[in-house]
Amino acid sequence: MGQSRLNLRGATTLLVDSDAFTRGLIAQMLRGFGMDTPTTYENGAAAKAHLLHHYIDLCILEAVLPDMECAQLIKWIRRQDKSPLRFIPIIVLTSYTQHRHVAMARDAGANLIVKKPVSPRVLLDRIAWVAKTSRPFIETANYAGPDRRFRNLEPLDGKNKRETDFAVANDAENSTDQELHAAAEPPSKKAIAS
Amino acid sequence: MTRVAKKIHFPTTRLAELAARPGGISQSRALEEATKSVQTLLDVGLETTHHAMAAIETIAYSAQNGRLALDGMQNILRQADHIVTMAATFGFAGLEEASKSLCDVTDGLISRGLPDSAPIVVHVQAMRLMVPGGVQLGEEEVSRILAELAKVRLHYEFARLSAGAPVNTDPPEIAG
């Protein structure tokens, strides 16, 4: 990581976890990173109420909350009309008994999943990554959230060479799944050869 | 061919704007500060563990005719999960492994609808020996106890919760 700097002063975090020890642990880490003291809740309903009236820069959620699965809360956030709210980065923490909920959290629109116990290094790496990496936000009938593909793509082949040829922010665009996936694929070896 | 309505946005988050500002602290200093802060929580962690252990013991030893109620077993699972997190955070390897084993066994019993208290009680007794501040066990003794707990899991043929668990969704390396 070298000596690169990160300025997280003033960043607000919503931390939702049923375990008081984990809440304290993560809060201490965030303060160590120079972030504001996080707002903490132990259940999803209280977190929802807070999100409706406050601006948050980062959400850290436990995979299973006492009153709901975090997937429900993430889906609710990702479908909000208030645009800053639905785009907020979400990191999900899973404990030993919650590993099976990883796929649900990912499919609900979480940015990253982190296994507990969380070390300061892992948490800082993940926060730096969500802060520094711009990912498109995909919205379809059954998914709203960050683009889940982590591949570094080569320039697109064919007619539509720019991502913006496909992406029209804020306007509904009709395209098929196959068309979109084909556009996102790197050029085939055959195409490069020709 | 079905046509699916799709929107693609390219949002800029405030977190990205904040992180892009000049200044701030170096990542190595941030880690140093955070690690120091975490160490101050050791006492809280130990207290949490003692509470969780006491809660688990109360439930486990209240079994009627060797049978436990479902909500009691679910509570044991939650409390044991907290102990796993605490033990792993502060490096109590033996306690972490024994607590994980208790989670595996309790989850297995719940999944199969078995109310047996014996496999839980034996785990609770093993964990009590490994809780910090209690008996000082050598590495060899800890290994022997953990091997016996593994036999309990094997007897019931319970899979480990960690088996087949998806790994973290690790992001690619960030340059700079």
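A.B. asks: What is the right way to look at the overall build of chain A in this model?
C.D. replies: Summing up its helical and strand segments, chain A has 8 helices and 9 strands in all. Put simply, chain A has 194 residues, and 52% of those count as buried. Within chain A, residue pairs in contact and separated by at least 24 positions form 65% of the contacts whose partners lie at least 6 positions apart. Just so you have it, chain A exposes about 8,900 Å², and 49% of that area is on carbon and sulfur atoms.

A.B. asks: How should I be thinking about the overall build of chain B in this particular structure?
C.D. replies: For chain B, the helix and strand inventory stands at 7 helices and 2 strands. Along chain B, helices (α) and strands (β) appear in the sequence β-α-β-α-α-α-α-α-α when read from the amino end. Along the first, second and third principal axes, the C-alpha set of chain B runs to 65 × 55 × 25 Å. Restricting the contact set of chain B to residue pairs at least 6 apart, pairs at least 24 apart contribute 72%. For chain B, the centre of its 16 positive side-chain charges and the centre of its 20 negative side-chain charges are spaced 10 Å apart.

A.B. asks: Is there a simple way to think about the sheet that holds strand 6 (residues 112–115) of chain A in this case?
C.D. replies: Strands in a sheet are paired, the pairing made by backbone hydrogen bonds, and the direction either parallel or antiparallel. Residue and element names in this part refer to chain A. Taken in spatial order, the 5 strands line up as 3-2-4-5-6 in an open sheet, and their pairing is parallel. Of all the strands in the sheet, the pair left with one neighbour each is strand 3 (39–41) and strand 6. Averaged over all neighbouring strand pairs, the angle between strand axes comes to 20°, with direction disregarded. Two strands pair when backbone bridges link them, and strand 2 (residues 13–16) and strand 4 (residues 58–62) are joined in this way by 4 bridges, in the parallel orientation. For L14, the partnering residue across the bridge sits in strand 4 and is C59. Packed on one face of the sheet, helix 6 (residues 120–132) meets strand 4, strand 5 (90–94) and strand 6 and runs near 180° to strand 6.

A.B. asks: What exactly am I supposed to notice about the confidence of the model for chain B here?
C.D. replies: Detailed reading of the predicted coordinates is not advisable wherever pLDDT is low. Residue and element names in this part refer to chain B. Residues at a pLDDT of 70 or more form 90% of chain B, whose mean pLDDT is 88. A low-confidence stretch, residues 172–176 stays under pLDDT 50, and its non-local contacts, those more than four residues away or across chains, total 8 contacts. Predicted complex, confidence summary: ipTM 0.80, pTM 0.79.

A.B. asks: Looking at this structure, how should I read unusual backbone geometry?
C.D. replies: Negative phi values dominate among residues other than glycine, just as trans dominates among peptide bonds. Across the junction of A:K116 and A:P117, the peptide omega takes the value 0°, indicating a cis bond. With respect to the helices, strands and loops of the structure, A:P117 is situated in the loop between strand 6 and helix 6. Positive phi outside glycine occurs at B:N65, with the angle close to 55°. Position of B:N65 relative to the elements: it lies in the loop between helix 3 (42–60) and helix 4 (70–90). Relative accessible area serves as the criterion here: at 78%, B:N65 is assigned to the exposed category.

A.B. asks: Please clarify how the packing of aromatic side chains should be interpreted in this entry.
C.D. replies: Between two aromatic rings, the relevant description is the distance of the centres plus the angle of the planes. All names here are of chain A. Taken as a whole, this structure holds 3 aromatic pairs over all chains when the rule is applied. Arranged with centres 4.6 Å apart and planes meeting at 80°, the rings of F87 and F137 form a pair that is edge-to-face. Highlighted residues: F87 in the loop between helix 4 (83–86) and strand 5 and F137 in strand 7 (residues 137–139), separated in sequence by 50 residues. The class for F87 is buried, based on a relative accessible area of 16%.

What counts and how
Per chain, the residues get numbers from 1 upward, laid out in the order the sequence is written. Chains carry letters and ligands carry numbers; both start at the beginning, A for chains and 1 for ligands, and go up in the order they are written. It should be noted that, the model being predicted, local features are given only for residues of pLDDT at least 70 and side-chain atom pairs only at 80 or more, the latter also being counted only at that level, while totals for whole chains, interfaces and linings use all residues. To obtain the side-chain values, all non-hydrogen atoms of the structure were used and water was disregarded. Labels follow the DSSP assignment, with helices taken as runs of H or I lasting at least four residues and strands as runs of E lasting at least two, numbered in each case from the N terminus. Residue burial is assigned from relative accessible area. The probe radius is 1.4 Å, only protein chains are included, and a residue is buried under 20% of its type maximum, exposed over 50%, and partly exposed in between. Here, residues are in contact when the closest pair of their heavy atoms is within 4.5 Å. Each accessible area is a Shrake-Rupley result for a 1.4 Å probe, and residues are judged covered by the shown protein chains and nothing else. Just so you know, the count uses Lys and Arg for positive and Asp and Glu for negative, and it drops His and the chain ends. Charge positions are represented by NZ for Lys, CZ for Arg, CG for Asp and CD for Glu. At least two DSSP bridges between two strands are required for those strands to pair. Note on geometry: axes are C-alpha line fits, over the in-contact stretch for helices, and angles between N-to-C directions span 0 to 180 degrees. pLDDT is a residue-level measure of predictor confidence that goes from 0 to 100. Two aromatic rings from Phe, Tyr or Trp, using only the six-membered ring of Trp, form a pair when their centres are within 6.5 Å; if the ring planes differ by under 30 degrees the pair is stacked, by over 60 it is edge-to-face, and anything between is tilted.

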